[in-house]
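# A closer look at the structure
These are the residues of each chain, in order.
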Amino acid sequence: MSDEEKRIGVFICHCGSNIAGFIDVPAVTEYVKTLPDVVFATRNLYTCADDGLTSIKESIKEHKLNRVVVAACTPRTHAPLFQGTCQEAGLNKYLFTFVNIRDQCSWVHMKEKEKATEKAKDLLRMGVARARLLQAQDEVKVGVTSAAVVIGGGVAGMSAALSIADQGFPVRLVEKESELGGFVRNLSSVYQEREDAGALLKTIIDRVRSNPNIEVLLNSEVISADGFVGNYDIIIDTKGQERNDKVGVIVLATGTREYIPKGLYGYGQSPNIVTLTEFEKLVKERKLPKLSSVAFIQCVGSRGQDKSYCSRICCNVSLKNAMNLAENYKNMRGLEGTGAVVEAAAPKETPSEGGERRHGRRGRRGGAEESEEGGASEGPKLEIVIFNRDIMAYGVDHELMYNKAREKKVRLVRYTPKNIPKVSVDSGKLVIDYWHDTLQMQRRMTPDLIVLATPVTSQADAKEISMMLKVPLGQDGFFLEAHVKLRPVDFATDGIYVCGTCKGPADIPEAVSQGIAAASRASIPLARGFVQPEALSAFVDSEVCSGCGNCIEVCPFTAIRKNEHGKAEVTIAACKGCGNCGATCPENAIFMNNYSDEQLLAEAKAALQEAKG
Amino acid sequence: MEKAESSVLVIGGGVAGIQASLDLADKGVIVQLVEKEPSIGGKMAQLDKTFPTNDCSICILAPKMADCYGHPNINVWTMSEVIGLEGSKGNFKAKVLKKARYVDENKCTGCGECLEKCPTKGLPNAWEQNLTTRRAIYMAFMQAVPRVAIIDPEHCRFLLEGKCGVCKKVCKREAIDYDMKDVEMEFNVAAVVVATGFDVWDPTRSTEYGYGKYPNVFTAMEYERIINAAGPTHGHIQRRSDGQEPVTMAYIQCVGSRNPRTGHPYCCSVCCMHSTKESMLAREHIEGIKSTIFYKDMRACAKGFNEYVERNKRDYGVEYINSDATVQGQTEKGNPIVSFDVAGKSHQKEFDMVVLAATLVPSKGNVELAKKLGVELDEFHFFKMQNRTLDPINSSRPGVYLAGYCAGPMDIPESVAMGSAAAAKAMEALVQRKVFA
């Protein structure tokens, strides 16, 4: 290639007046003609318009151009268009380069036209210097194994598996426990409709079990994954038995576990101080003790007490349970129809609350204002208090549930981190001393049961999985998606996706949504049947490589590994051409396609030359 | 016409609709993306930064908008609305009305020469929350996609009186077409994704906040445009009354929401966080500004949100007061007076500027659209999910799927995820059709 005669064509865009209004385009065009190897230079009112594109195609043929430079708006939006045009005219698209003279020149130098013109000349001289050294590249098409593995059989994983399967692809659903269902197996009810959680799970599990495209592997773990998007070799371990498998994509849905509040609010000092999940189990197993007063304490171990984050779901789970107790206490204890009598409970709070009333119009504290006194409106009196910092009843359903709980006389008492409720156990009796902010006084209650709403937290094996798949964990210990706003279920590494509570606290509908979303993303390479990365990848000169492995460490895409000779080797399909490895290599053994040292230095040298003419 | 088995109709070109379209198109599905505005991008395009990373909103969205418009499998129909949907899952016939733009999308390059010459000036620029003006021919906004001008037929002199024609004269691309007519189109599609987003509630409908009465009371959306470098004040925070920079600012939460009297008893899920972001950004614009946020419950309950609020208190000195607040008048200098409670006592305090976290409500067009699509709305006019727990993506009509705020309050990542999820469900419908056809 280097011996070939360079014939560079340059197309300079006026962009209406966007460029031509501030840059002397005819002067720049004349200047460009003086640069080495430029055999043709022209200007267009709009290079991107039909006539502009036609002019590129015709000039490539007429002037036998083998390099094309377009100086115009920005490559961000327009490079693919011009690359396509070159390709249509039979010129390899990697022999095209873009010079940005609008966004980075005319628009930022609107008040200094002469300097803008000089800068445009500089930029073009650099672009032409780079173009001289461009090399044609071939894009490789790599086939895809048309199957997915979903790691984790909770609601998120099952939803992902179902959707991938229903889009026509075989799925291995790998669950380390002996049954499907994940965290939801702990729950008694699902809060929106107070639907039975077991029944809900059964519906989803039945869908999974009856789907011919899903293979469920229980008591199983993925213990190794090697490869890149479209082509992963994985090993699934089932009770010590290993199975080698090939999949195209991996969906991570490993779920969550409950935080254990050691040393907080008397946890462990009394069997009647339980976590929210333990409470759910008591309800589910109909083992709820006889109650006349229950306190829920929110944010136990979260929002700065230990974990820095808010666990999103616990307020609503507490509200659900509080409301359930208020409306449905008998049934929850399994006493309905047994003729058992639930005794009415006298209010246990001191001092008496006769003088208490709400403040202002519709309660100025609006949110977690303590509501008026009284237990459940009908039947036995049951005092229910939720100590909270803020009630996270976001959206429609949660907020309506919140309002309803207040109507049911569930009392909401706000506390601040500086003034948290104090729990003590006095010869088996539970005592909560707390500050009532609205009343500005210290108060006491003696509940029969204290429920601690602790956050959900990352799984014990999260770190292990993160290292196996080379996908990151955030500071909070949850898996970290590629972009918190716009790529919520992708990892930065193509081919691996994430959903549900292993990514952060989420309720069931959110986990289901995310599962289906991950299925959408994961099935893109499967539906296409191939991956075709851009040919701007890194290459290792194995004769120079010392095998130090630095490049492997810095590669964010797991695209480099050591080969059997102990040398670094790039998986082109996984490489995104970011250049981290090249910059790190102490031996200069790594070069980037079309971003070689030679090319970059030529551009830098050109930048330092004076513009003539 | 495209074959139904390979096509999907996406209604709404905000971030949820864009994501749904891109996922489908990347699988080889032909997407008809219908957007009623002149540009795709939706509300996200109007925001300054996004919480909790303070990424520039349009900067991260613009590449997606460009991908969407340039995708060979996506047909973007701006200025268009769905007017009917017949058939059933796997085999719908959708009718779409494309309104006349009077500028040929294939010819206009967005150079902007006509915009400078149009003699009809001073029209309210709704996209900029009426904080600035536009002419009768205008660009939806600077980063609009497509970057094509549009003529406002209600104010264009040529369209009204047959006089003028300046834009046509200056357009070297001959893109101006005064004779353009509304066009009715028909698409065969296998599935439909509804992603029509939300409207911002108008706080002039409530007297408690003095919006529209006291000039230095703003909505959060106005404020997003004010702090934006490309906005009407080029990012300078200014009072409406005198153009002065504020020194004290108040943010009032739950304006119009969590309030049965406005018909919106629900929480809009995002205001706590956008006010936190806006107060943080104010400090980045004006050294020494003092901000106070009045809130009911600080709902900082997704990834990194609680930490973001804590950082705002610690590093930006923003004060959070747990109280309802109202605006009860203004001082002679035009400072709104905010009334609130602390520890059971009522207080009044003046601020230089007040920003209202006006709630986000279902689009006005939902009732009409739901009728045309044959799907149900819930009691608040959000599109109704078939089963919120099990099938949160399905609408009440098989083959019609939901994405984003039109199905209920949610933030950007949730909308994006739901956009992808709706694409997955639509893809399932396509696959089923091929199998069972």
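This one's a predicted model, so the numbers in the text were calculated from it and none came from an experiment.

Calculation criteria
- Residues numbered from 1 in each chain as written.
- Chains lettered and ligands numbered in written order.
- Predicted model: local features only at pLDDT ≥ 70, side-chain atom pairs only at ≥ 80, totals over all residues.
- Heavy atoms only, no water.
- Helix = DSSP H or I, 4+ residues; strand = E, 2+ residues; numbered from the N terminus.
- Rg over C-alpha atoms; globule rule 2.2 N^0.38 Å.
- Buried < 20%, exposed > 50% of the residue type's maximum accessible area, 1.4 Å probe, protein only.
- Areas by Shrake-Rupley, 256 points an atom, 1.4 Å probe, with all protein chains shown as cover.
- Contact = heavy atoms within 4.5 Å.
- Lys, Arg positive; Asp, Glu negative; His and termini not counted.
- Charge placed at Lys NZ, Arg CZ, Asp CG, Glu CD.
- pLDDT = per-residue confidence, 0-100.
- Buried area = accessible area lost by both parts, 1.4 Å probe.
- Salt bridge = Lys/Arg side-chain N within 4 Å of Asp/Glu carboxyl O.
- Polar contact = N/O pair within 3.5 Å; in protein donor to acceptor, adjacent residues only side chain to side chain.
- Core = buried A, V, L, I, M, F, W, Y, C linked by side-chain atoms within 4.5 Å.
- Domains from an automatic or database assignment.
- Nonpolar A, V, L, I, M, F, W, Y, C, P; charged D, E, K, R; others polar.
- Pairing = 2+ DSSP bridges.
- Axes fitted to C-alpha atoms, helices over the stretch in contact; angles between N-to-C directions.
- Disulfide = S-S within 2.5 Å.
- Phe/Tyr/Trp six-rings, centres within 6.5 Å; stacked < 30°, edge-to-face > 60°.
- 1 Å grid on protein atoms, 1.4 Å probe; cavity = no way out; pocket = protein on both sides within 12 Å on 5 of 7 lines; lining within 4 Å.
- Points joined across faces, edges and corners; volume = space filled by probe spheres on them.

## Concerning the overall build of chain A
Summing up its helical and strand segments, chain A has 15 helices and 30 strands in all. Relative to the compact-globule value of 25 Å for 613 residues, chain A shows a C-alpha radius of gyration of 33 Å, a clear excess of over 25%. With the principal axes as the frame, chain A shows a C-alpha extent of 100 × 65 × 45 Å. Sorting the 613 residues of chain A into buried and exposed places 57% on the buried side. If you sum the accessible surface of chain A, you get close to 25,700 Å²; carbon and sulfur atoms cover 49% of it.

## What about the overall build of chain B?
For chain B, the helix and strand inventory stands at 10 helices and 24 strands. Here chain B holds 437 residues, and 63% of them are scored as buried. Across chain B, every contact between residues at least 6 apart in sequence was considered, and the portion connecting residues at least 24 apart equals 66%. Surface exposure of chain B reaches about 16,500 Å², of which carbon and sulfur atoms provide 49%. Taking the average location of the 53 positive side-chain charges in chain B and that of its 53 negative ones, the two points are 2 Å from each other.

## Structural notes on the confidence of the model for chain A
The share of residues in chain A with pLDDT of 70 or more is 91%, and the mean pLDDT across the chain is 90. Low confidence marks residues 337–379 of chain A, where pLDDT is under 50. Its contacts with residues over four positions away, or in another chain, come to 104 contacts.

## A closer look at the interface of chain B and chain A
Reports of interface size often rely on the accessible area that becomes lost once the parts have come together. Contact residues are listed per partner, giving 78 residues for chain B and 78 residues for chain A. For the chain B and chain A pair, buried surface summed over both sides reaches about 6,200 Å², with 53% attributable to carbon and sulfur atoms. Looking only at chain B, the three residues that lose the most surface to chain A are Lys303(B), Arg388(B) and Thr389(B), adding up to 12% of its buried area. Between chain B and chain A we count nine salt bridges in total. In this structure, Glu399(A) and Arg299(B) form a salt bridge, with 2.7 Å as the shortest nitrogen-oxygen distance. Across the contact surface, chain B and chain A share 33 residue pairs in polar contact (both at pLDDT 80 or more).

## Points about the nonpolar core
Counting 121 residues, the largest nonpolar core has Ile164(A) and Val194(B) as the members making the most contacts within it. In terms of residue count, helix α10 (residues 412–436) of chain B provides more of this core than any other element does, 12 residues in total. Setting aside its immediate chain neighbours within four residues, Val194(B) contacts Ile11(B), Leu369(B), Leu373(B), Phe383(B), Val400(B), Tyr401(B), Leu402(B), Ala403(B) and Cys406(B). One finds Phe218(B), Ala250(B), Met280(B) and Val309(B) within the second-largest nonpolar core, a separate group that totals 57 residues.

## Describing the domain arrangement of chain B
Residue and element names in this part refer to chain B. Partitioning chain B into domains gives domain 1 (4–99 + 182–197 + 363–436), domain 2 (113–170) and domain 3 (202–359). Of the roughly 1,600 Å² buried where domain 1 meets domain 3, counting both sides, 63% is carbon and sulfur surface. Seen at the junction of domain 1 and domain 3, the total is zero salt bridges. Split by residue class, the side of domain 1 that touches domain 3 holds nine nonpolar, three polar and four charged.

## Topic: the sheet that holds strand β21 (residues 429–436) of chain A
All names here are of chain A. The antiparallel open sheet is built from three strands, whose spatial order is β20-β21-β22. Edge positions in the sheet fall to β20 (422–426) and β22 (441–445), since each has one partner strand and no second. Neighbour-to-neighbour, the strand axes of the sheet open up by a mean angle of 25 degrees, direction not taken into account.

## Looking at the pairing of strand β20 (residues 336–342) of chain B
Residues and elements named next belong to chain B. Burial within β20 is extensive, with six of its seven residues counted as buried. Bridge count between strand β19 (residues 325–330) and β20: four bridges; the pairing is antiparallel. Looking at β20, one finds that Thr326 is bridged to Ser339. Where β19 hands over to β20, the hairpin turn is made up of five residues, of which Gly334 adopts a positive phi near 85 degrees. Note: β20 against strand β21 (residues 345–350), six bridges, orientation antiparallel.

## Here we look at the pattern of salt bridges
Applying the stated criterion across every chain, the model contains 56 salt bridges over all chains. Here Lys121(A) and Glu118(A) are joined by a salt bridge, their closest N and O atoms 3.4 Å apart. One end of the pair is Lys121(A) and the other is Glu118(A), both in helix α5 (residues 113–132) and three residues apart, which spans about a single turn. The partly exposed category is assigned to Glu118(A), whose relative accessible area is 35%. For Lys576(A), the salt bridge identified is with Asp494(A), shortest N-O distance 3.0 Å. Of this pair, Lys576(A) sits in the loop between β29 (568–570) and α14 (580–584) while Asp494(A) sits in the loop between α11 (462–469) and β25 (496–498), and the two are 82 residues apart along the sequence. For Lys576(A), a relative accessible area of 42% gives the class partly exposed. The exposure class of Asp494(A) is partly exposed, given its relative accessible area of 32%. Among the charged side chains, a salt-bridge network with shared partners connects Arg303(A), Asp390(A), Glu399(A), Arg414(A), Arg258(B), Asp297(B) and Arg299(B).

## Some words on the state of the cysteines
Residue and element names in this part refer to chain B. This model, assessed by the stated rule, comprises one disulfide over all chains. At a sulfur-sulfur separation of 2.2 Å, the disulfide partner of Cys56 is Cys59. Note on the Cys56 and Cys59 pair: the S-S dihedral is about 70 degrees, so by sign convention the disulfide is right-handed. In this structure Cys56 comes out as partly exposed when scored by relative accessible area, which is 22%. With no disulfide of its own, Cys111 has Cys114 as its nearest cysteine by sulfur position, at a separation of 6.2 Å. You can see Cys272 has no disulfide; the closest cysteine sulfur is in Cys254, sitting 6.0 Å from it.

## Focus on the packing of aromatic side chains
All names here are of chain B. Using the criterion set out here, one finds 21 aromatic pairs over all chains in the structure. Ring plane angle 75 degrees and centroid distance 6.0 Å describe the contact between Tyr223 and Tyr251, whose orientation is recorded as edge-to-face. Highlighted residues: Tyr223 in helix α6 (residues 220–226) and Tyr251 in strand β16 (residues 248–255), separated in sequence by 28 residues. In this structure, Tyr223 and Tyr251 share a single accessibility class: buried.

## Overview of the side chain of Asn125(B)
Residue and element names in this part refer to chain B. Within the secondary structure layout, Asn125 lies in the loop between β8 (123–124) and β9 (133–134). Judged by relative accessible area, Asn125 falls into the buried class, the value being 13%. Within polar-contact distance, the side chain of Asn125 engages the backbone nitrogen of Trp127 at 3.2 Å. In this structure Asn125 touches Asn130, Leu131, Thr132, Thr133 and Arg134, once residues within four positions along its chain are discounted.

## Examining the domain arrangement of chain A
Residues and elements named next belong to chain A. Domain annotation of chain A identifies domain 1 (8–137), domain 2 (143–256 + 458–531), domain 3 (279–448) and domain 4 (534–593). Tallying the contact residues gives 15 residues for domain 2 and 20 residues for domain 3. Summing the contributions of domain 2 and of domain 3, the shared interface buries around 1,500 Å²; its carbon and sulfur component is 54%. Linking domain 2 with domain 3 are one salt bridge. Taking the shortest distance from any N to any O, the salt bridge between Glu510 and Arg312 comes out at 2.8 Å. If you look at where domain 2 meets domain 3, you find seven residue pairs in polar contact (both at pLDDT 80 or more). By residue class, the composition of the side of domain 2 that touches domain 3 is six nonpolar, four polar and five charged.

## Let's talk about empty space enclosed by the protein
Evaluation of the coordinates by the stated rule reveals 14 cavities of 30 Å³ or more. In this structure, the largest cavity encloses a volume near 130 Å³. Lining the largest cavity are 17 residues; nearest its centre among them are Tyr46(A), Cys111(B), Cys171(B), Lys172(B) and Arg173(B). Looking at the lining of the largest cavity residue by residue, the classes come out as 10 nonpolar, four polar and three charged. By volume, the second largest cavity amounts to about 100 Å³.

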